[in-house]
Each structure stands twice: as structure tokens, then as C-alpha cells.
Amino acid sequence: MPPLKDSSAFLDRSSVFKTYWHTTTNTGGTMEEFASTLNEVVQYVLSFDATVMLPCVILVIALCFRIKPQKAFRSALMAGIGFVGVFTIFNLMGSVVGPAAQAMVERTGLHMPAVDLGWTPLAAITWGTPIAPFAIVLTLVINLVMIAFKWTRTIDIDIWNYWHFAFAGCLVYVATGNFALGLVGAGIAAVVIIKIADWSAPLVQKHCNLPGVSLPTLSSAVFFPIGLLGNWLIDKIPGLNKLHADPETIQKRLGIFGESMMIGFFLGLMLGLLAGYDFNSLLKLAITLGAVMYILPRMTRILMDGLIPLSDGVREFMAKRFPDRTDFNIGLDIAVAIGNPAIISTGLLLTPIAVLLAFVVPGNRTLPVADLANIAVFCSMIVVACNQNIVRAVIVAIPCLIGDLLICSAAAPLITQLAQNVGYDTSASGSLVTAFLDGGNPFRYLIYQVFSGNYLAIGAAIAVGVLIAFTWKVTRRHAYDIAEAGE
């Protein structure tokens, strides 16, 4: 994609978020008061930790679907315990991989003007904009309408990750200065991702052992069609199509050294050596990653123990009202899939590759740091699309990483301005801030460029649509066959 086509256009709108309601409403403050109240309610709900909010949402949904209160509470609590386990182990992985990745960056002597803040500050920046509360309500309405008209099988309860849709709307708002168009952008993002969640659900359920679950997290879902297309292309390349490495194959060939905890241990040794760690730190990293690979799948199983009663209850409720529908899925955070050993392994392998790419890709201006620990999320749906073939997933992910680097570099001035508009202090980070993975997400950037009136982006959007339709046609039946056959 080309760089931001008119940086002065959004820089001139530096106060657009603060002045919108005053300059576009003449209702005696009614709309402004409503927006303020809605924002306060949403911010209060979002102040809950994900491990608290998600069980609460599960409980409310379970009761709405007339699951018995005792069973609903137990299901929500068990799911909450599972979420605590998943997020705790996932955060543990980030706490050791992050410093190792940063040490690798420092060893390369890489210096770039745009600093990678990671996804967490970007989410906080998004929730600080006035479009975010409306995007949440809009996404809920869209999901309900799609379910009612049988346009989706996904019931997306992952409200925290609605910020992904809100950020797309925020970018459109900045591009156009039009609040309504911003909501249209958020709505488009929601519809596309919910449909991709439906598309990917059979393979997600098979490879990640998540029955009745789909994964409508934008930061990973958008790469599912790319993974399918890449996997299909590799099938056509003699020699390359023979390379195969999934956890089961590795374990069969290597015995005890192919177990997931062993793979984590040796990947930890590799990262530690690349980071220049001393012997003590090297062993700590290796053992920690071995533990992550061993424990995460078990945490996911606890989570599923809580979700299965909800999933069964939703299906039973919906079956009475939609007798021809038995295929509803619960939309959850992508974190529940990270327990897959192939996903963790691919993410760890891509970490040093991302650092190398940042150094050699022409036009890159981003120093990847914070988001390096999050690469497993980025590659998760590519791994699923490649049927857990780690070799193929790495090959497909490399051009995606290059695209993320170039896009997050191009978007750095915009993200910096958005951060400053909501009062985020960027002075400690440098003149430009960005987010390597979410700031470089190609889907949101394409939406932004289309609404900016970039004719190249409009042409690219049409081409992408055609390519996705082609991918759907040539891979959909194969994906379902694999899932149904249990291959």
C-alpha cells in the first residue's frame, strides 16, 4: 500500500474528537449528554479485567438463553478460571519473550524513528475516542441482525476485542471527518470478520480442540484467507509441497524430543542464544517456554469445560426457534487458540525473523519491540489455515510480516496524532509511535485508504475481494473435508 496520501489532512483535524458534538448537534446538549453517559458506562465496563468481564458476559448470555442459574453460574466461573489460566500463561510467555526479543533488537544495532508501542496502548487510545462506545453497540446490533437473518453462525461475546472494529471506524472518522462514515467503517470491519470467523470455524475447532467455538479477533482472522491461499499455492510447488512439520509428525520422528515441552525448551534456547543471554538467563527462558508449551493446552481444556454447557445451551435454545439451525458457534478471544503447540512454535520461530526483516526491508521505519511477544496471535490463523504445518505457516507469514512493517511505518504519523488527541504522552517513546502488528494490519489500513479516496486502494480492495472469492472457491470444500474427516 502507498504511504498516507495527505498527512496534513488528518493533522489539521487534531481537535476533531473534542469538538465533534459541539459543532454538529443543535439539540440543546441532549446528544452530547447521551454520548457522554454512554461513554462513561462503556469505560466502566471496560475497566474490568478481561478475566472478570468475559465470565460476566458468559453468565448474562447463559441466563438470556434460559440456562438454569446454577448451571450458568458454574459455567461462567469455570470459564473464568480457564481464562485466568490462559491469560496468565500467555502473559508469562510475553514476559520472557519480550525482553529476549528486545535484546535481539539491541544486538542488531537497529535504530528506527517509529517506536512499536504494542497493541495494548493502541487499544487504550481507541477506547479514548468518542466513536468507540457507539462501535460496541453497533457491533452487537450487527451480530444480532446477522444471526436473525441467518447470515452468520457466530455469536460474538468477546466484547473487549470489539476495539478492533472501533479502531477501523476511528481511522475512517479521521480520514473523512464524518462520524457516520466512521461507524460505517467499523460496521464493515465487524461484518467481514464475523464472516471470516464462520469460514475458519471448522478448522479452528479441529486443530485447536475448541468445539462450538469461532475466533472473530480481527488481528488474526484477516490472515486466515491469506493462509489458505498460501497453503493452496504451496501445494502446487514441487518439492516445497513435500515439506511437512506439525507437532504430531515431529513427535513421531523425534520421540521424547518432539514433545511440545521439549520443542518449547529448544526454541527458548535458540531465542536466548540470539539474544546473547548468559547461561542462567538462557536456561530460565528455555524452561519457561517449555512450561508454556506444556501448560497452555491444559488451561484451554479447563476453559472448554466451562464453555461447553453454554454452547450446548445456546444450541438448544436456538434450535427451538430456528429448527433448521444447529451450527451456532461462540465467538471468543484468539488467546484460547494459543495453546496449540504449532501456533506457539511458529510464533517463536517468527520472532527473530521479524527482527531480521525490520533490518533489511526497504522503506521500513519501525523498531519492532513490544509486539514481538505477540507474534503467536498474528500467525495463529495462518497456522490453522496451513493445517498446523509449521514450515508452510512460516513461509506464508513472512510476506505478511513485511506488509505489517511497511504499513505500520506508513501509519506511524496517524497513530502518533491519534495518541496525542486522546492525551497519550508520546514524548518518552520518541517523535513517532506505532504498533507493529495491529498498527500494521492490512485490512484496517485498506479500509482507511479507501475512505480517504485513494484510487489505488479502491482498486486494491476490488482485487482483494476477487482474490478472497477465488480462495473461498478453491479451498472451502477442502477445509471442511479435513475438519470432518479429522485429519
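So, here is what we can say about the structure in this document. If you're wondering where the values come from, they're calculated on a predicted model, not measured in any experiment.

Scoring rules and cut-offs
- Residues numbered from 1 in each chain as written.
- Predicted model: local features only at pLDDT ≥ 70, side-chain atom pairs only at ≥ 80, totals over all residues.
- Heavy atoms only, no water.
- Axes fitted to C-alpha atoms, helices over the stretch in contact; angles between N-to-C directions.
- Helix = DSSP H or I, 4+ residues; strand = E, 2+ residues; numbered from the N terminus.
- Parallel < 35°, antiparallel > 145°, perpendicular 65-115°, else oblique.
- Left-handed = near helix turned anticlockwise from the far one by under 90°.
- Contact = heavy atoms within 4.5 Å.
- Pairing = 2+ DSSP bridges.
- Patch = residues over 30% accessible without salt bridge, like charges linked within 9 Å, V, L, I, M, F, W, Y side chains within 5 Å.
- Areas by Shrake-Rupley, 256 points an atom, 1.4 Å probe, with all protein chains shown as cover.
- Salt bridge = Lys/Arg side-chain N within 4 Å of Asp/Glu carboxyl O.
- Disulfide = S-S within 2.5 Å.
- Buried < 20%, exposed > 50% of the residue type's maximum accessible area, 1.4 Å probe, protein only.
- Core = buried A, V, L, I, M, F, W, Y, C linked by side-chain atoms within 4.5 Å.
- Nonpolar A, V, L, I, M, F, W, Y, C, P; charged D, E, K, R; others polar.

**What about the packing of helix 15 (residues 341-360) against helix 16 (residues 375-385)?**
Taken N-terminus to C-terminus, the directions of helix 15 and helix 16 make an angle of 120°; their axes are 8 Å apart at the nearest point. In this view, helix 15 runs oblique relative to helix 16, as classed from their interaxial angle. Crossing of helix 15 against helix 16: the hand is right-handed. Residues A342, I343, T346, G347, L350, T351 and A354 of helix 15 touch helix 16, and the partners they reach there are I375, A376, F378, C379, S380 and V383.

**Regarding the sheet that holds strand 2 (residues 154-156)**
By way of backbone hydrogen bonds, the strands of a sheet pair with one another, either parallel or antiparallel. Taking strand neighbours across the sheet as the criterion, the three strands line up as 2-4-3 in an open arrangement whose pairing is parallel. Two strands bound the open sheet, and with one partner strand each, they are strand 2 and strand 3 (213-214). Strand direction decides the pairing type here: strand 3 and strand 4 (residues 329-331), joined by two bridges, are parallel. For V213, the partnering residue across the bridge sits in strand 4 and is I330.

**Focus: a nonpolar patch on the surface**
Taken together, the side chains of V137, V141, V145, F149 and W151 define a hydrophobic patch exposed on the protein surface, amounting to about 470 Å² of accessible area. Inspection of the secondary structure puts W151 in the loop between helix 7 (131-148) and strand 2.

**Thoughts on the state of the cysteines**
By the definition in use, this model includes zero disulfides. Between C386, a free cysteine, and C400, which holds the nearest cysteine sulfur, the sulfur-to-sulfur gap is 9.6 Å. Accessibility expressed as a relative area gives 2% for C386, which makes it buried.

**Topic: the nonpolar core**
Judged by nonpolar contacts, the single largest core of 145 residues is most densely connected at F83, M93, F224, I338, F378, I382 and F436. With residues up to four places along the chain from it excluded, the contact list for F224 reads I196, W199, S200, L203, M381, V384 and A385.

**Details of the packing of helix 15 against helix 17 (residues 390-410)**
At their nearest, the axes of helix 15 and helix 17 sit 10 Å apart, and the two run at 40° to each other. One finds that helix 15 runs oblique with respect to helix 17. By crossing handedness, the relation of helix 15 to helix 17 is classed as right-handed. Within the contact between the two elements, helix 15 uses A342, S345, T346, L349, L350, I353, A354, L357 and A358 and helix 17 uses I390, A393, V394, A397, I398, L401, I402 and L405. Residues that form the contact of helix 15 with helix 17 fall into these classes: 15 nonpolar, two polar and no charged.

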